[in-house]
Amino acid sequence: MATSILPGTSPFIMAIFGATGDLAQNKLIPALFSLYKNKSLPEDFFIIGFSRREFTKEAFHDYFQEQKNNKAWKEFSSHLLYQSGSFEDEKGYKELDKKLLQIDKQIGACVTRFFYLATPPDHYQTILNNLVSTKLSEGCGHPSASSGQANSWTRIIIEKPFGKDLETARNLDKKLAEIFEEKQIFRVDHYLGKETVQNMLAFRFANGIFEPVWNKNLIDHVQITWAEESGIGKRGKFFDGVGILRDVFQNHLMQLIAAVAMEQPKSFTKEDLRGARANVIGAITYANEEKPIVKGQYKGYRSEKDVSPDSKTETFIATKLFINTPKLEGVPFYVRAGKKMKKNLVEISVVFIQTCHILFKEYGCPEIGNVLTFRIQPNEGIDLRFIAKTPGSKLSLQPVNMKFGYKDDFGTSGLEAYEKVLLDIFAGDQMLFNRSDELESSWELITGILDKWKQEKDGIQVYSQGAWGPGEANELIEKDGRKWLV
Ligand code: BG6
């Protein structure tokens with residue numbers, strides 16, 4: 001009789017739906033390859049690409065052109081299999097099932113199965129339906145499969161965006177719950193796997209000196225910039241259907257806000273941490289003002305491949321939010337995210353109330369005093385800006401920076417986010433994955449914005465490529481007497 005093997009240290013099969021897509025190509029397979037090179041994968045592992053294209057296994061390997069002559073890649077690619085199939089048709093799934101059973105036979109055990117849905121969200125329901133109808137969702141041919149035991153070794157991994165709005169997210173969650181137990185479901189947001197995002201919790205809660213100042217009495221405002229130099233590349237079809245709001249704002253930006261604004265969890269355990277994230281996301285509202293949201297589109301977006309020529313999809317958003325928690329209520333959070341921006345940069349700055357003027361008004365206080373900046377990427381690290389006396393006989397003041405840099409202090413920026421995501425999936429650790437209440441709350445906010453946009457005729461502002469979004473994004477913060485720090 002075949003024996004079940006514990007995940008983590010044992011063989012696994014990962015079937016990737018959407019294997020020829022951007023995510024698998026640029027993030028997942030490279031992360032798996034990197035884990036392989038670092039000897040973080042077991043001896044026996046099988047990655048099965050599942051996609052529409054009629055590829056042979058070899059053609060699938062060749063798809064990763066830039067690796068072609070790499071020796072380690074050649075070894076790694078012997079673990080890469082391929083199954084062509086349309087997401088709608090059971091046929092491909094049945095073939096996949098045969099491949100999985102063949103692997104179980106070869107290993108002589110019921111091998112852990114991961115089904116990774118790396119497709120646009122429109123396909124999730126269809127794939128789930130077919131996993132059920134072909135019984136793939138029930139786990140391997142283990143004799144105890146009917147008792148549900150083998151089932152627990154099957155994991156389902158769902159990429160963001162988790163749905164398109166509150167209703168589709170709820171439906172998707174309902175569907176997942178009908179098929180799998182919560183411990184089998186991994187809702188990915190790779191920003192949770194970023195070292196710098198995890199480190200915000202260590203910074204805030206492992207050091208006693210910051211929490212006492214983390215409140216509305218001392219924080220003036222928070223600003224978050226998420227900027228990418230590149231446009232939408234080959235992802236026109238996907239992106240035009242979702243926009244920046246659903247692509248990064250509903251997920252990555254919400255998690256950045258959660259990391260900076262959450263209350264200290266009761267304990268550093270999966271449920272308490274997820275609970276603290278869910279609470280703070282549920283407390284986010286946008287400002288009750290005439291124009292709390294700026295929506296932009298970069299010049300030339302409508303001529304991108306697979307984009308509708310009269311597209312109204314936003315590639316930029318800036319907004320002013322509030323967090324309705326006793327500690328932070330009334331503190332504005334200015335958040336902007338955009339493609340084709342001036343540079344690649346993800347940063348969170350906590351700007352403290354300026355007190356310099358109380359004593360040093362006549363000595364030229366800098367406009368902004370203390371700022372704590374979390375550099376999520378690039379140059380991962382943390383800066384603390386404070387005011388210092390410049391050397392000399394007369395008193396004059398100037399801002400200076402105290403810097404922590406991952407590379408300088410640790411010699412490395414750590415694991416790539418998807419490597420961490422994958423390792424946690426293998427280990428069955430769900431702490432850095434979304435719970436459905438976190439997603440519900442963020443979708444509630446986002447669906448509110450989408451509904452508002454539906455009522456507006458054409459609120460989209462065009463901005464030049466390489467700018468920091470449209471001018472209205474500056475007005476959003478400047479009308480409050482503040483300005484973007486980058
Ligand atoms: C993805 C978005 O989730 O994150 C992309 O779909 C974006 O549009 C990417 O480019 C950014 O990830 P990272 O890790 O490079 O910041």
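Residues numbered from 1 in each chain as written. Predicted model: local features only at pLDDT ≥ 70, side-chain atom pairs only at ≥ 80, totals over all residues. Heavy atoms only, no water.

## Examining the site of the ligand
Part 1: If you check the shell around the ligand, you find 13 residues, and the closest are Tyr191, Glu228, Asp247, His252 and Lys339.
Part 2: Within the side chain of Lys160, an N or O atom sits 2.8 Å from an oxygen atom of the ligand.
Part 3: The side chain of Glu228 places a nitrogen or oxygen atom 2.5 Å from an oxygen atom of the ligand.
Part 4: Under a 2 Å grid-point criterion requiring more than half of the atoms, the pocket assigned to the ligand is the largest pocket.
Part 5: Of the residues forming the shell around the ligand, the biggest block, three residues, is contributed by helix 8 (residues 236-261).
Part 6: Across the shell around the ligand, the residue classes tally to three nonpolar, three polar and seven charged. (Near = heavy atom within 4 Å. Polar contact = N/O pair within 3.5 Å; in protein donor to acceptor, adjacent residues only side chain to side chain. 1 Å grid on protein atoms, 1.4 Å probe; cavity = no way out; pocket = protein on both sides within 12 Å on 5 of 7 lines; lining within 4 Å. Sits in = over half its atoms within 2 Å of the grid points. Helix = DSSP H or I, 4+ residues; strand = E, 2+ residues; numbered from the N terminus. Nonpolar A, V, L, I, M, F, W, Y, C, P; charged D, E, K, R; others polar.)

## What to know about unusual backbone geometry
Part 1: Of the consecutive residues Lys160 and Pro161, the connecting peptide bond is found in the cis state with omega at -5°.
Part 2: Summarising the element assignment, Pro161 is placed in the loop between strand 7 (154-158) and helix 6 (166-179).
Part 3: Here Gln377 and Pro378 are connected by a cis peptide whose omega angle stands at -15°.
Part 4: Secondary-structure assignment places Pro378 in the loop between strand 15 (371-377) and strand 16 (381-389).

## Some words on the state of the cysteines
Part 1: The full count for this structure, using the stated rule, is one disulfide.
Part 2: Sulfur-sulfur distance for the disulfide between Cys356 and Cys365 comes to 2.0 Å. For the disulfide bridge between Cys356 and Cys365, the dihedral angle about the S-S bond is near -80°, and by the sign convention the bridge is left-handed.
Part 3: When its relative accessible area of 8% is taken as the criterion, Cys356 is described as buried.
Part 4: Its relative accessible area of 16% is what places Cys365 among the buried residues. (Disulfide = S-S within 2.5 Å. Buried < 20%, exposed > 50% of the residue type's maximum accessible area, 1.4 Å probe, protein only.)

## Thoughts on the packing of aromatic side chains
Part 1: Taken as a whole and assessed by the stated rule, the structure comprises 30 aromatic pairs.
Part 2: Each ring, one from Trp73 and one from Phe76, has its centre 5.3 Å from the other, and the planes form 45°; the classification is tilted. One end of the pair, Trp73, and the other, Phe76, are both in helix 3 (residues 71-77), three residues apart, so they sit about a helical turn from each other. For the residue pair Trp73 and Phe76, the accessibility class agrees, reading buried in each case.
Part 3: Ring plane angle 55° and centroid distance 5.0 Å describe the contact between Phe404 and Tyr406, whose orientation is recorded as tilted.
Part 4: Taken together through their ring pairs, the aromatic side chains of Phe12, Phe33, Tyr36, Phe45, Trp73, Phe76, Phe114 and Phe426 make up a single cluster.
Part 5: Positioned above the aromatic ring of Trp453 is the side chain of Lys295, whose terminal nitrogen or guanidinium carbon lies 4.5 Å from the ring centre.
Part 6: Positioned above the aromatic ring of Trp484 is the side chain of Arg336, whose terminal nitrogen or guanidinium carbon lies 4.1 Å from the ring centre. (Phe/Tyr/Trp six-rings, centres within 6.5 Å; stacked < 30°, edge-to-face > 60°. Lys NZ or Arg CZ within 6 Å of the ring centre and 35° of its normal.)

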